[in-house]
Amino acid sequence: MVMKIPFFNSYKQMNEATQFHDDHVPEHIAIIMDGNGRWAKKRGLPRVAGHKEGISAVIKIVKAAVKCNVKVLTLYTFSTENWKRPKSEVDTILRLPKEFLHLYLPELISNNVRIEAIGDMENLPSHTQEAIQYAINRTRDNDGLVLNFALNYGSRHELLNAMKAMLKDMNEAKLSPDELDEQMVSRYLYTSNLPEPDLLIRTGGERRLSNFLLWQLAYTEFWFSDVFWPDFSEKEFMEALEDYRQRKRRYGGL
Ligand code: FPP
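Keep in mind the model is a prediction, meaning the values are calculated, not measured.

**Things to note about the overall build of the protein chain**
Across its full length, the protein chain carries eight helices and six strands. Tracing the protein chain from N to C terminus, the helices and strands come up as α-β-α-α-β-α-β-α-β-α-α-β-β-α. For 254 residues, the compact-globule formula gives about 18 Å, and the C-alpha radius of gyration of the protein chain, at 19 Å, lands near that figure. For the protein chain, the proportion of its 254 residues judged to be buried stands at 48%. The long-range share in the protein chain, meaning contacts at least 24 apart out of those at least 6 apart in sequence, stands at 76%.

Given below as structure tokens:
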């Protein structure tokens, strides 16, 4: 049996060791983990090998996020568009949450990480739903890093569902459209209990949003890396944080 050394033995120890206590640490980081397929192709491996290797990068970045006192880490793990891929690849990706949690849940628990998920869970295979639900229940009382998996997530789908639910509720409550405001829209999104992302990281060289958190990213800072996700390490993560630290956010003001 391989002994796993927790990244910190306790939440207290984690906080003492935390290097960043200033306001310049993004509270919420969202990541588009791209480049798994190309990582594998470059090595003459099947695409799924890249997805599996992606798990190692996830735990490295979770550890780094805990160390830096990031509050929320949202990972784009499976999009509503990813169903278009070959069934064998879809099946592999949807088994990864279970594999990841099987390997790392005890370590995540001992580091006070809380697991959450956003997306249309009901249409995922039952083994994926069960693994995620189990982890959510087991970590419910933790108040450290929120590790939020976006699974079967698509922003337009989310917004459309929010609009439908909102219209229905407004009709029932006989509210006029003038009573609708931005806060109300936010309350109907999967992310209603989370702060908006401060920093978006996309790996793998592409520079697009791919239907990820379109509403929530309105004032987010973006950071792109050409590194394929399986090669993305604490070094690049710290570069992104350092770059963010230099930015001046104005939210449309001066
Ligand atoms: C995009 O790369 C990546 C995905 C669609 C899957 C993301 C999954 C992981 C990173 C594995 C970790 C998962 C968990 C649950 C810990 P791509 O296949 O589009 O890459 P390409 O652009 O090179 O083809």
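**Quick word on the packing of helix H4 (residues 87-110) against helix H5 (residues 126-138)**
Where H4 contacts H5, the two axes come as close as 8 Å, and the packing angle between them is 20°. As summarised for this structure, H4 and H5 are arranged roughly parallel, according to the angle between their axes. Here H4 runs over H5; the crossing is left-handed. Together, Leu94, Arg95, Pro97, Lys98, Leu101, Leu105 and Ile109 of H4 and His127, Thr128, Ala131, Ile132, Tyr134, Ala135 and Arg138 of H5 make up the contact between the two elements.

**Here's the deal with the site of the ligand**
Lining the immediate environment of the ligand, one finds 17 residues, of which Asp34, Arg38, Arg47, His51 and Arg85 sit closest. At 3.1 Å from an oxygen atom of the ligand is found a main-chain nitrogen or oxygen belonging to glycine 37. The side chain of arginine 85 places a nitrogen or oxygen atom 2.8 Å from an oxygen atom of the ligand. For the ligand, the protein covers 92% of the area, taking 630 Å² as the surface of the free molecule. Contributing elements (two or more residues each) for the shell around the ligand: helix H2 (36-42), helix H3 (47-67) and H4.

**Notes on the environment of proline 230**
With respect to the secondary-structure elements, proline 230 resides in the loop between strand E6 (221-224) and helix H8 (234-246). Residue proline 230 is classed as buried on the basis of its relative accessible area of 5%. Separated by 26 residues in the primary sequence, proline 230 and glycine 204 place their C-alpha atoms 9.5 Å from one another. With sequence-adjacent residues up to four places away left out, proline 230 is seen in contact with Gly35, Asn36, Trp39, Gly50, Glu53, Gly54 and Ala57.

**Some thoughts on unusual backbone geometry**
The phi angle at asparagine 112 is positive, at roughly 65°, despite the residue not being glycine. Structurally, the position occupied by asparagine 112 is in the loop between H4 and strand E3 (114-118).

**Quick notes on the pairing of E6**
Side chains of E6 alternate between two faces, with Glu221 and Trp223 buried and Phe222 and Phe224 left unburied. Sheet topology places strand E5 (residues 199-202) next to E6; four bridges connect them, and they run parallel. Following the sheet pairing, leucine 200 is matched in E6 by phenylalanine 222.

**Remarks on the pattern of salt bridges**
Side chains that carry opposite charge are capable of pairing whenever their charged atoms lie near each other. Across all of its chains, the model carries 19 salt bridges by this definition. Here arginine 249 ties to aspartate 198 by a salt bridge, and the two come within 2.9 Å at their closest N and O atoms. Of this pair, arginine 249 sits in the segment after H8 while aspartate 198 sits in the loop between helix H7 (182-187) and E5, and the two are 51 residues apart along the sequence. Here the two residues arginine 249 and aspartate 198 agree in accessibility, since each one is buried. The salt bridge involving arginine 207 is made with aspartate 226; its shortest N-O contact spans 3.5 Å. Note that arginine 207 is positioned in the loop between E5 and E6 and aspartate 226 in the loop between E6 and H8, a separation of 19 residues in sequence. Take arginine 207: its relative accessible area is 51%, and that puts it in the exposed class. Within the structure, one salt-bridge network assembled from shared partners comprises Asp198, Glu221, Asp243, Arg247 and Arg249.

**Things to note about the packing of aromatic side chains**
Overall, the coordinates contain ten aromatic pairs when judged by the stated rule. Ring plane angle 50° and centroid distance 5.4 Å describe the contact between phenylalanine 100 and tyrosine 104, whose orientation is recorded as tilted. Of this pair, phenylalanine 100 and tyrosine 104 both sit in helix H4, separated by four residues, roughly a single helical turn. A single burial state applies to phenylalanine 100 and to tyrosine 104, both of which are buried. Relative to tyrosine 251, the ring of tyrosine 219 lies with its centre 5.7 Å away and its plane at 50°, an arrangement referred to as tilted. Of this pair, tyrosine 219 sits in the loop between E5 and E6 while tyrosine 251 sits in the segment after H8, and the two are 32 residues apart along the sequence.

Criteria and cut-off values
- Residues numbered from 1 in each chain as written.
- Predicted model: local features only at pLDDT ≥ 70, side-chain atom pairs only at ≥ 80, totals over all residues.
- Heavy atoms only, no water.
- Helix = DSSP H or I, 4+ residues; strand = E, 2+ residues; numbered from the N terminus.
- Rg over C-alpha atoms; globule rule 2.2 N^0.38 Å.
- Buried < 20%, exposed > 50% of the residue type's maximum accessible area, 1.4 Å probe, protein only.
- Contact = heavy atoms within 4.5 Å.
- Axes fitted to C-alpha atoms, helices over the stretch in contact; angles between N-to-C directions.
- Parallel < 35°, antiparallel > 145°, perpendicular 65-115°, else oblique.
- Left-handed = near helix turned anticlockwise from the far one by under 90°.
- Near = heavy atom within 4 Å.
- Polar contact = N/O pair within 3.5 Å; in protein donor to acceptor, adjacent residues only side chain to side chain.
- Areas by Shrake-Rupley, 256 points an atom, 1.4 Å probe, with all protein chains shown as cover.
- Pairing = 2+ DSSP bridges.
- Salt bridge = Lys/Arg side-chain N within 4 Å of Asp/Glu carboxyl O.
- Phe/Tyr/Trp six-rings, centres within 6.5 Å; stacked < 30°, edge-to-face > 60°.

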